[in-house]
Amino acid sequence: MRRALCAVLLVCLALMQPARADNYPSRAITVIVPFAAGGPSDAMMRILAEHMRQTLGQPVLIENVTGAGGSIGVGRAVRSKPDGYTVSFGHLGTHVANGAVYRLGYDLEADLEPVVLLPSNPMIIVSRNNIPAKSLPEFLAWVKSQPNPVSAGTAGNGSGSHIAGLYFEQVTGLKLQYVPYRGTGPAMNDLVAGQIDLIVDQTSNAINQVRAGTIRAYAVTDAKRLESAPEIPTTDEAGLPGFHMTLWSGLWLPKGASKEIVDTLNAAAVAALDEPDVKNQLKNLGLQMPAADQRSPAALGTLQRAEIRKWWPMIRAAGVVPE
Ligand code: MLT
């Protein structure tokens, strides 16, 4: 009886140990991207995953789990085993804003382990092509002249494009009618087709359509112009001074993942960010690399906490009641 009790105790103790990292990874890793394939989050993560696969020596698979502004995909990651084989991709929307937009059922800080800060990009105000406006002031005048609120595509409440829309409403005093999609990839298809009026989107999602002339760009929400598209003015230059928003992304693991696993994954992501070809691909999309001193797991945690303190009051002031 005593021996059996000891055996049970030992098994319990073994189960409570954080997942051992000695041979991590020994099989394929899945990154849950909480938005539709073909959108900005998916595009960035696929570029990084290819290089991380080489560093880690195991496939890095992308699983698009969409819905509710990305909160469903993040929830899936939170509930998965903290063994390093299920990774949560997210950003300012999913890992900050959603905490003020939804009753999540998980805690963005307590239930997730920050791994690495990924590239960021300013937002860009883009519209369908057949709107009679060539500049931001003309576009704002057109929006104002419409009898009903104009339609703004988003990736769902709490997503980056939704938070950017709320911020746009606050700085312009104009109302928008939000049209939610499972990502700004599908929203962009409808903008190109003229089904919706505008998106305050991630530059990385819109830039190729802007270059192709299939949509119209008015300004980027940054103090400086994009290296990859210097012809697009900043909001300061275009008549909305101070309307600045940068959407940063990152990787997280479920709470309980061991430091070794976090560090192994962080190192693989950082190696990808430093790889010249990867860097060029991302920069060409208007993405900005995180500074070298901002790439530690702790730096992402610090940024996430600061952004929660910054954006939750803005979201509440916009009258968003958690659903
Ligand atoms: C996406 O990949 O669709 C975006 O990250 C959505 C968003 O947050 O606007």
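These numbers come from a predicted model, not from an experiment. Counting starts from 1 at the beginning of each chain's written sequence and moves along it residue by residue. Per-residue local features are limited, in this predicted model, to residues with pLDDT of at least 70; the limit for side-chain atom pairs, both in listing and counting, is 80 or more; totals at the level of whole chains, interfaces and linings are taken over all residues. Note that the side-chain values use all heavy atoms of the structure and ignore hydrogens as well as water.

J.: An account of the pairing of strand β1 (residues 29–33) is requested, with residue identities and associated values reported.
T.: Note on exposure labels: buried denotes an accessible area under 20% of the residue type's maximum, exposed denotes more than 50%, and partly exposed covers the range between, all computed with a 1.4 Å probe on protein chains only. Only DSSP runs of H or I with at least four residues qualify as helices, and only runs of E with at least two residues qualify as strands; both kinds are numbered from the N terminus onward. The buried count for β1 comes to 5 of 5 residues, which makes it a mostly enclosed element. In this structure, β1 lies alongside strand β2 (residues 60–64), joined through 5 bridges in parallel fashion. Residue pairing for β2: Val 31 is matched across the bridge by Ile 62. We call a crossover right-handed when, viewed with the strands running away from us, the connection from the first strand over the helix to the second turns clockwise. Regarding topology, helix α2 (residues 40–56) serves as the crossover connection from β1 to the parallel β2, and that connection is right-handed. In short, DSSP must find at least two bridges between two strands for them to pair.

J.: Quick rundown of the site of the ligand? Include the residues and the values.
T.: By convention in this text, a residue qualifies as near a molecule or strand provided that one of its non-hydrogen atoms is within 4 Å of it. For the ligand, the full set of nearby residues is Phe 35, Pro 40, Ser 41, His 91, Ala 155, Ser 159, Gly 160, Ser 161, Gly 183, Thr 184 and Gln 202. Within the contact set of the ligand, an oxygen atom lies 2.8 Å away from a side-chain nitrogen or oxygen of His 91. Polar contact is the term for a pair of N or O atoms within 3.5 Å; when the atoms are in protein, one must be able to donate a hydrogen and the other to accept it, and sequence-neighboring residues count only if both atoms are side-chain atoms. Taking Ser 161, its side chain carries an N or O atom lying 2.7 Å from an oxygen atom of the ligand. Across the complex, the protein chains shield 100% of the 270 Å² of accessible surface that the ligand would expose by itself. Within the residue set of the shell around the ligand, elements represented by two or more residues are α2 and α6 (160–172). By the convention adopted, Pro, Cys, Tyr, Trp, Phe, Met, Ile, Leu, Val and Ala count as nonpolar, Lys, Arg, Asp and Glu as charged, and the other residues, Gly among them, as polar. Looking at the shell around the ligand residue by residue, the classes come out as 3 nonpolar, 8 polar and no charged. Values of accessible area rely on a 1.4 Å probe in the Shrake-Rupley scheme; residue burial ignores everything except the protein chains shown.

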